[in-house]
Amino acid sequence: MKDSYKLFTLQLVAHLAIFPMIIYAQWYHWVVTIVVYFLCGTSITVTYHRLLSHKAWVAPRWFEIVGTLLSTYIAVGSSIGWVATHRQHHRYTDKQGDPHSPNTRPWWCVQWFSMFEPVNVKYAVDLLRDKFHLTVHQKYFYIHAFIAFLLFFIDPFAVVYLYLVPAALVWNAGSAINTVNHMLGYRNYETKDNSTCNFVTGYLVFGEGWHNNHHAEPASERFQRKWWEFDLGYQVIKLVRKDA
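Summarised in this report is the structure supplied together with it. Bear in mind that the values here come from a model prediction, so they are computed numbers and not experimental data.

Reading guide: rules and limits
Note on numbering: residues in each chain are counted from 1, in written sequence order. Restriction of local features to residues with pLDDT of at least 70 applies here, the model being predicted, together with a cutoff of 80 or more for giving and counting side-chain atom pairs; totals for whole chains, interfaces and linings are based on all residues. Hydrogens and waters are ignored; side-chain quantities use all the structure's heavy atoms. Numbering of helices and strands starts at the N terminus; helices are DSSP runs of H or I of at least 4 residues and strands are runs of E of at least 2. One less than the residue count of a helix, multiplied by 1.5 Å, gives the span that helix is expected to have. Whether a residue is buried, partly exposed or exposed follows from its accessible area with a 1.4 Å probe, protein chains only, as a fraction of its type maximum: under 20%, in between, or over 50%, in that order. Contact between two residues is taken to exist if any of their heavy atoms lie within 4.5 Å; hydrogens are not considered. Two aromatic rings, drawn from Phe, Tyr or Trp (for Trp, its six-membered ring), form a pair once their centres lie within 6.5 Å of each other, and the interplanar angle then sorts them: stacked below 30 degrees, edge-to-face above 60, tilted otherwise. Salt bridge, as applied in this entry: a Lys or Arg side-chain nitrogen positioned within 4 Å of an Asp or Glu carboxyl oxygen. Using a 1 Å grid laid over the protein atoms alone, points where a 1.4 Å probe fits but cannot get out form a cavity; open sets with protein on both sides within 12 Å along at least 5 of 7 lines form a pocket; any residue with an atom within 4 Å of a point counts as lining. Grid points are joined across faces, edges and corners, and a volume is the space filled by probe spheres set on the points. The nonpolar class holds Ala, Val, Leu, Ile, Met, Phe, Trp, Tyr, Cys and Pro. Asp, Glu, Lys and Arg form the charged class, and all remaining residues, Gly among them, are polar. We call two N or O atoms a polar contact when they sit within 3.5 Å, provided that within protein one can donate a hydrogen and the other can accept it, with sequence-adjacent residues counted only if both atoms are side-chain atoms.

**Examining helix α4 (residues 61-73)**
And then number 1: With 13 residues, α4 extends 18 Å from end C-alpha to end C-alpha; this agrees with the ideal 18 Å at 1.5 Å per step.
And then number 2: Those residues of α4 lying buried are F63, E64, G67, T68, S71, T72 and Y73.
And then number 3: Each element contacted by the buried residues of α4 is listed here: α3 (27-53), α5 (79-91), α8 (131-138), α9 (140-154), α10 (158-179) and α13 (232-240).
And then number 4: Remark: A75 follows α4 within two positions and exhibits a positive phi of approximately 65 degrees.

**With respect to the packing of aromatic side chains**
And then number 1: Under the criterion given, the structure shown has 14 aromatic pairs.
And then number 2: Where F199 meets W210, the ring centres are 6.2 Å apart and the plane angle is 85 degrees; that geometry is what we call edge-to-face. Of this pair, F199 sits in helix α11 (residues 199-204) while W210 sits in the loop between α11 and α12 (211-216), and the two are eleven residues apart along the sequence.
And then number 3: Overall, the relative accessible area of 44% leaves F199 in the partly exposed class.
And then number 4: Given a relative accessible area of 0%, W210 falls into the buried group.

**Digging into the pattern of salt bridges**
Where charged atoms of side chains with opposite charge meet at close range, the side chains can pair.
And then number 1: Using the criterion set out here, one finds eight salt bridges in the structure.
And then number 2: D130 serves as the salt-bridge partner of R61, at 3.0 Å between the closest nitrogen and oxygen. In this pair, R61 is assigned in helix α4 and D130 in the loop between α7 (125-128) and α8, connecting sequence segments 69 residues apart.
And then number 3: In this structure, the salt-bridge partner of E217 is R225, at a minimum N-O distance of 2.9 Å.

**Description of the layout of surface pockets**
And then number 1: Estimates place the volume of the largest pocket at around 970 Å³.
And then number 2: For the largest pocket, the lining is made up of 42 residues, of which L7, V76, G77, G81 and W82 are closest to its centre.
And then number 3: Every element with two or more residues in the lining of the largest pocket is listed here: α1 (2-16), α3, α5, α8, α9 and α10.
And then number 4: Examining the composition of the lining of the largest pocket, we find that seven residues originate from one element, α10, more than from any other.
And then number 5: For the lining of the largest pocket, the per-class residue count stands at 20 nonpolar, 18 polar and four charged.

**Structural notes on the side chain of N212**
And then number 1: Along the chain, the position of N212 falls in helix α12.
And then number 2: There is a polar contact of 2.9 Å between the side chain of N212 and the backbone nitrogen of N188.
And then number 3: Those residues within four positions of N212 in sequence are excluded, and the remaining contacts are Y186, R187, N188, Y189, T191, S195, T196 and C197.

Here is the structure:
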C-alpha cells in the first residue's frame with residue numbers, strides 16, 4: 001500500500017504538470033512529448049503486455065531489458081507489479097477479483113485510482129525469479145527520483161515535457177483500455193467478459209484498443225483481426241522477434 005501512495009503521488013504530479021505545459025510549452029515541446037508517449041506506450045504493449053504478461057512472442061534479451069526500462073520510465077508501475085495485475089485481470093475479467101473492471105466499481109476509480117488495488121505478486125512469480133526485473137521492482141522509485149533529478153539538472157522544463165506529461169498521457173491511455181474497452185465499442189468475438197474493440201483507443205493506444213480480439217486470444221501477439229484494425233505493437237514485434 002505504501003508503494004501505491006508513492007505511485008499515486010507521482011501520477012498526481014504528472015497530471016498537474018499539464019498546466020505549466022499548456023502555459024509555457026512551445027510547439028517543439030509538444031512534439032517531444034508525443035514522441036515519448038508513442039515510444040514508451042508502444043514499449044508497454046510490446047514488452048509489459050504481450051511479452052512479459054502473456055509470453056505471446058520471443059524477444060531478444062536486450063530488447064526485453066530496453067523495453068522494460070522504457071516502460072519503467074513512463075510511471076505505470078514496475079514490470080512485476082504491472083504483469084501481476086494484468087494476469088489477475090485476465091483470471092477474473094469483469095468479475096469480483098478483477099483489479100480494474102468498470103463493471104465492479106465506478107469507471108473513474110478504474111481510470112485514475114486503480115493503483116490503490118493491492119498487487120498480488122503470486123501472479124508474476126516468474127519475474128520475481130529474474131534478477132533484472134526484481135531489481136527494477138525493488139528500486140522503482142529510486143529510479144524515478146534519479147530520472148527527475150537528472151532531467152532537472154539538464155533542463156528544469158524537461159521534467160515537464162519529457163517526463164511528467166508523457167507519463168500522465170500514457171497512464172490515461174492505458175486506463176482507457178480498462179474503462180472504455182469494457183463499456184463501449186464493437187465485438188468480433190462473443191467472449192465471456194465485456195471486452196470490446198474501439199476505434200479511438202485502437203489507433204491512439206498502440207493497437208491495445210482491439211481489446212476484444214485480445215481477450216478472445218490472449219496468447220496471440222497480434223491484436224488486429226479486421227483490415228482496418230492497425231496494430232502498431234505487432235508491427236514492432238515483427239521487426240525484432242527472434243524468428244523474424
